[in-house]
Amino acid sequence: MTVKPGQKGSASVEEVPDSRTEEGALLVRGRAVGVCGTDREIADGGYGTPPSGAERLIIGHESLGEVLEAPAGSGFSPGDLVVGIVRRPDPAPCPACAAGEWDMCRTDSFGERGIVRLHGYGSERWRVEPDFAVPISSRLGHLGVLLEPASVLAKAWDHVDRISQRAFFARGRALVTGAGPIGLMACLLGVQRGYEMHVVDLAMAGPKRDLVEDLGAHYHTGDAADIDVDVDVVIECTGIGAVGRSAARRLASGGIMCLTGIMNLSPTFDLDATALNRNMVLGNMVLFGTVNAGRRHWEQAATALAAADPGWLGGLITRRVPLTSWTEALDRDPEDIKVVVDLTA
Ligand SMILES: [Zn+2]
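How each quantity is defined
Residues numbered from 1 in each chain as written. Predicted model: local features only at pLDDT ≥ 70, side-chain atom pairs only at ≥ 80, totals over all residues. Heavy atoms only, no water. Helix = DSSP H or I, 4+ residues; strand = E, 2+ residues; numbered from the N terminus. Rg over C-alpha atoms; globule rule 2.2 N^0.38 Å. Contact = heavy atoms within 4.5 Å. Areas by Shrake-Rupley, 256 points an atom, 1.4 Å probe, with all protein chains shown as cover. Pairing = 2+ DSSP bridges. Axes fitted to C-alpha atoms, helices over the stretch in contact; angles between N-to-C directions. Core = buried A, V, L, I, M, F, W, Y, C linked by side-chain atoms within 4.5 Å. Buried < 20%, exposed > 50% of the residue type's maximum accessible area, 1.4 Å probe, protein only. Salt bridge = Lys/Arg side-chain N within 4 Å of Asp/Glu carboxyl O.

Participant: Teacher, can you tell me more about the overall build of the chain here?
Facilitator: Helices and strands together make up the secondary structure of the chain, namely 9 helices and 18 strands. Scaling as 2.2 N^0.38, a compact globule of 345 residues should have a C-alpha radius of gyration of about 20 Å, and the chain matches this with 20 Å. Overall size of the chain, expressed as C-alpha extent along the three principal axes, is 60 × 45 × 40 Å. When contacts within the chain are restricted to residue pairs at least 6 apart in sequence, those whose partners lie at least 24 apart make up 69%. Per element, the accessible surface of the chain, about 15,800 Å² overall, is 51% carbon and sulfur.

Participant: What is the right way to read the sheet that holds strand S6 (residues 87–88) from this model?
Facilitator: By definition, the strands of a sheet pair up through backbone hydrogen bonds, in either a parallel or an antiparallel sense. Strand order in the open sheet formed by 3 strands is S6-S7-S8, and the pairing between neighbours is mixed. The sheet terminates laterally at S6 and strand S8 (117–118), the two strands that pair on one side only. The sheet contact formed by strand S7 (residues 111–113) and S8 spans 2 bridges and is parallel. Bridge assignment links arginine 113 to a residue of S8, and that residue is leucine 118.

Participant: Explain the sheet that holds strand S14 (residues 231–236) here, please?
Facilitator: Judged by pairing direction, the sheet is parallel, and its 6 strands sit side by side in the order S13-S12-S11-S14-S15-S16 without closing on themselves. Looking at the sheet topology across the chains shown, the edges are occupied by strand S13 (218–221) and strand S16 (286–289). Taking each pair of neighbouring strands and ignoring which way they run, the sheet shows an average axis angle of 20 degrees. The sheet contact formed by strand S15 (residues 251–259) and S16 spans 4 bridges and is parallel. The residue bridging cysteine 258 from the neighbouring strand is phenylalanine 288, located in S16.

Participant: Whenever I open this one, the nonpolar core confuses me. Can you help?
Facilitator: Across soluble globular proteins, you tend to see nonpolar side chains buried next to one another. Leu146, Leu147, Trp157, Val160, Ile235, Leu313 and Leu316 are the most contacted members of the largest nonpolar core, which totals 92 residues. Listed in part, the 11 residues of the second largest apolar core include Leu175, Ile227, Val234 and Met285.

Participant: In this structure, what is going on with the pairing of strand S4 (residues 62–69)? I would like to understand it.
Facilitator: Across a regular strand the side chains alternate sides, sitting on one face of the sheet and then on the other. Most of S4 is tucked away, with 6 of its 8 residues classed as buried. Across 7 bridges, the pairing between strand S2 (residues 26–35) and S4 is antiparallel. Across the sheet, arginine 29 pairs through a bridge with glutamate 66, a residue of S4. Both S4 and strand S5 (residues 81–84) contribute to a ladder of 2 bridges, which runs antiparallel. Pairing of glutamate 66 across the sheet is with leucine 81, part of S5.

Participant: So what exactly am I meant to see when it comes to the pattern of salt bridges here?
Facilitator: Between side chains of opposite charge, a pair can form when the charged atoms approach closely. Inspection of every chain in the model, using the stated rule, returns 20 salt bridges. Lysine 338 is the salt-bridge partner of glutamate 62, the closest N and O atoms lying 2.9 Å from each other. Of this pair, glutamate 62 sits in strand S4 while lysine 338 sits in strand S18 (residues 338–342), and the two are 276 residues apart along the sequence. Overall, the relative accessible area of 2% leaves lysine 338 in the buried class. With a shortest N-O distance of 3.1 Å, glutamate 213 and arginine 209 are connected by a salt bridge.

These results come straight from atomic positions and should not be treated as a statement about function.
Written out as structure tokens, the structure is:
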């Protein structure tokens, strides 16, 4: 699965040389790759960087594969299911990367498999360093392809948990904006933490509502500001400023709001910064952004998926396309939640 970053419509399938052992001691047979908004943005020419010296980038950062070759002492054996971690530390490295917290990199010169500077996992065979491979239980099986999006929300919730330790805090209600794969994963992890979860989305009915209600959570349509409850936590997953602003109106004093989404839109000055200042000061509120995930979040995500209902997780995968026609995975179908490319077909 390749693209020429910066060139819209360049996504195609092509033969590439086998990856070199320097790219990782584990040789993996690719099973599946999930496609998300970042992949669509790269395919549209709006994002992405090929490796140094290359013109094209092997795309794909939501991986799942089966180990073919593993060196002794690596902790992996042939047949094991693995997911490859996305980010690698910057070469400098910055203080955060030097401390092993490369998800908090202080520079923008890190690499990300399938996104910036490093080839991704969208190929029949790929390599990964054992330290950047996460084992997937055979019970989770093909659902392991959901680990990358889950890791992003595991980090968001981990940071909410840490921020909540600053003072008295009770895990009461939480609101998620957007019921796509990220929002649904945010809802799952909130339910697992014991929050009364609320999700707001534009869709009136259909699989999104069913998936939210199957978790025992509350589904709302329309404007988040009109929801009839106040919440202790907001996890914003749409990237649309106006949606976040509406959701913030439901945040109780002492509340924590986490921004996880981004939209490729021109910024507009649509915020009253003085009102924001006043509300945040008087309400002891925290607003923070989060991206990517560190090693511990990948492990937390694996635990969270293992504890979830496999039938529910399977409901997130609404479409599968074979490798030979993978670019169809970039098309947006209103019924899609998560589209997965089958690398074995
Ligand atoms: Zn760094």
